[in-house]
Amino acid sequence: MSHKKDRKAYGDMCVPGTTYIDYKNLPLLRKYVSIHGRIKPRYYTNVPLVLQKRLARGIKNARHMALLPFVK
Amino acid sequence: LLDSHRLYQGAFLLPDVAIERADVHLDTFIHRKVTQLTMPKAKTATEPAKVEVPEEDLRKYELMVLIDPDNSSVEYQKHLDEVKKLIESHAGKIWHEEDWGKRELAYTIKKKDYGYYAIFNFNAPGEAIQEIGAQLRITSYVLRHLLVKVPDNYEPQQYELDEVEEEAKPEPKARPVRKAAPKKAAPAAKKAEPKKEEKAEKEADSSEKKAKLDKKLDELLSGDDDDLNL
């Protein structure tokens, strides 16, 4: 994925005007999940730590609501 | 004893009713006083939590409910109304609703592969959230629920859900091949025809233009000479 290079894109991950990553934003969350459904570690994603944590939270919430799989 | 009563009363600014009863035995008096003081407090603690809550104490929350698909759509609407009532009964004010309808689950829950998704955005006092969550956990038709605190300036967003994405993913591989052949052939033929006509027109235009340009140049040149002379 191209997210590794453009660091400016990280601001667009959040809901506009906030620093909150929405668990409903499935196209975004899918980028940060491996083909087996595991959360990609930060040494692959290069996402700032704060956002990586919020991403993880969002992915876990989405999993709970059966929007994303735990295991593929 | 009486003196001590009055000192006691003076210190705590007791109401007149209490002063009249000052001749009652000390223990009973104190007991009554305590009940008088504690009872109204308990009332004030319970009543305003349901009726009046200052807006400063309200926070933005989001509730996503996953409702059992086995029920008909009429029952589904009933269930949604019940969830709404539950929120409103706990002093919640709903300001946005979303209905995703029936969706495939990422994994089976209670042997079910589909479910109805609904989202409620509401303002509520913090104490109400635990109670709402506890109630939802008990209700049988709610397969899953998610109660999240949302930032104050949060506005509901519309996202492309994965169903659309999954359908689109495999197609692009096949599409370019199919589309490329007819598209290129058809427009090329179309383009070829107008191009010839355009060329003819252009030639005609160009000859006219050339004549015009020559005239203009002459005029300009003569004009320039005049300007220079001036």
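It should be emphasised that the depicted structure is a prediction, and the values quoted were computed from it without experimental measurement.

(A) Summary view of the overall build of chain A. Looking only at helices and strands, chain A features three helices and zero strands. Across chain A, helices and strands are ordered from the amino to the carboxyl terminus as α-α-α. Burial analysis of chain A (72 residues in total) assigns 49% to the buried set. Sequence-distant contacts in chain A: of pairs separated by 6 or more residues, those separated by 24 or more amount to 56%. About 4100 Å² of surface is accessible on chain A, with carbon and sulfur atoms providing 58% of the total.

(B) Quick peek at a positive patch on the surface. Together, K209, K212, K215 and K216 of chain B make up a positively charged patch on the protein surface. Mapped onto the secondary structure, K209 of chain B falls in helix α7 (residues 171-229).

(C) Region of interest: helix α4 (residues 73-89) of chain B. Residue and element names in this part refer to chain B. A rise of 1.5 Å per residue sets the reference length of α4, with its 17 residues, at 24 Å; its end C-alpha atoms lie 24 Å apart and thus fit the reference within 8%. Residues of α4 that are buried: Y76, H79, L80, V83, L86 and I87. Relative to the axis of α4, the buried residues are bounded by an arc of 115° and lie together on one face. Exposed and oriented more than 90 degrees from the buried face of α4 are V74, K78 and K85. Where α4 is buried, its residues touch β1 (58-67), β2 (93-109), β3 (112-125) and α5 (126-138). Phi turns positive one or two residues past the end of α4, at A91, with a value near 65°.

(D) Spatial organisation of helix α3 (residues 49-64) of chain A. The first and last C-alpha atoms of α3 of chain A sit 23 Å apart over 16 residues, in line with the 22 Å expected at 1.5 Å per residue. Looking at α3 of chain A, one finds that the buried residues are L51, Q52, L55, A56, G58, I59, N61, A62 and R63 of chain A. If you follow the buried residues of α3 of chain A, they end up packed against α1 (26-31) and α2 (42-45) of chain A together with β2 and β4 (142-149) of chain B.

(E) How the structure looks around the environment of V142 of chain B. Residues and elements named next belong to chain B. Secondary-structure assignment places V142 in strand β4. Counting along the chain gives 59 residues from V142 to V83, while the straight-line C-alpha distance between them is 9.6 Å. Beyond its immediate sequence surroundings of up to four residues, V142 is in contact with V65, L66 and L136.

(F) Structural context of the sheet that holds β1 of chain B. Residues and elements named next belong to chain B. Reading across the sheet, the four strands line up as β2-β3-β1-β4 and stay open at both edges, with antiparallel pairing between neighbours. Only two strands of the sheet have a single neighbouring strand rather than two, namely β2 and β4. Sheet twist, expressed as the mean angle between neighbouring strand axes with direction ignored, is 20°. Two elements, β1 and β4, share seven bridges in a ladder whose sense is antiparallel. Its bridge partner lying in β4, L66 is registered against R144.

About the criteria used
Residues numbered from 1 in each chain as written. Chains lettered and ligands numbered in written order. Predicted model: local features only at pLDDT ≥ 70, side-chain atom pairs only at ≥ 80, totals over all residues. Heavy atoms only, no water. Helix = DSSP H or I, 4+ residues; strand = E, 2+ residues; numbered from the N terminus. Buried < 20%, exposed > 50% of the residue type's maximum accessible area, 1.4 Å probe, protein only. Contact = heavy atoms within 4.5 Å. Areas by Shrake-Rupley, 256 points an atom, 1.4 Å probe, with all protein chains shown as cover. Patch = residues over 30% accessible without salt bridge, like charges linked within 9 Å, V, L, I, M, F, W, Y side chains within 5 Å. Salt bridge = Lys/Arg side-chain N within 4 Å of Asp/Glu carboxyl O. Lys, Arg positive; Asp, Glu negative; His and termini not counted. Charge placed at Lys NZ, Arg CZ, Asp CG, Glu CD. Expected span 1.5 Å × (residues − 1). Arc of directions from axis to C-beta. Pairing = 2+ DSSP bridges. Axes fitted to C-alpha atoms, helices over the stretch in contact; angles between N-to-C directions.

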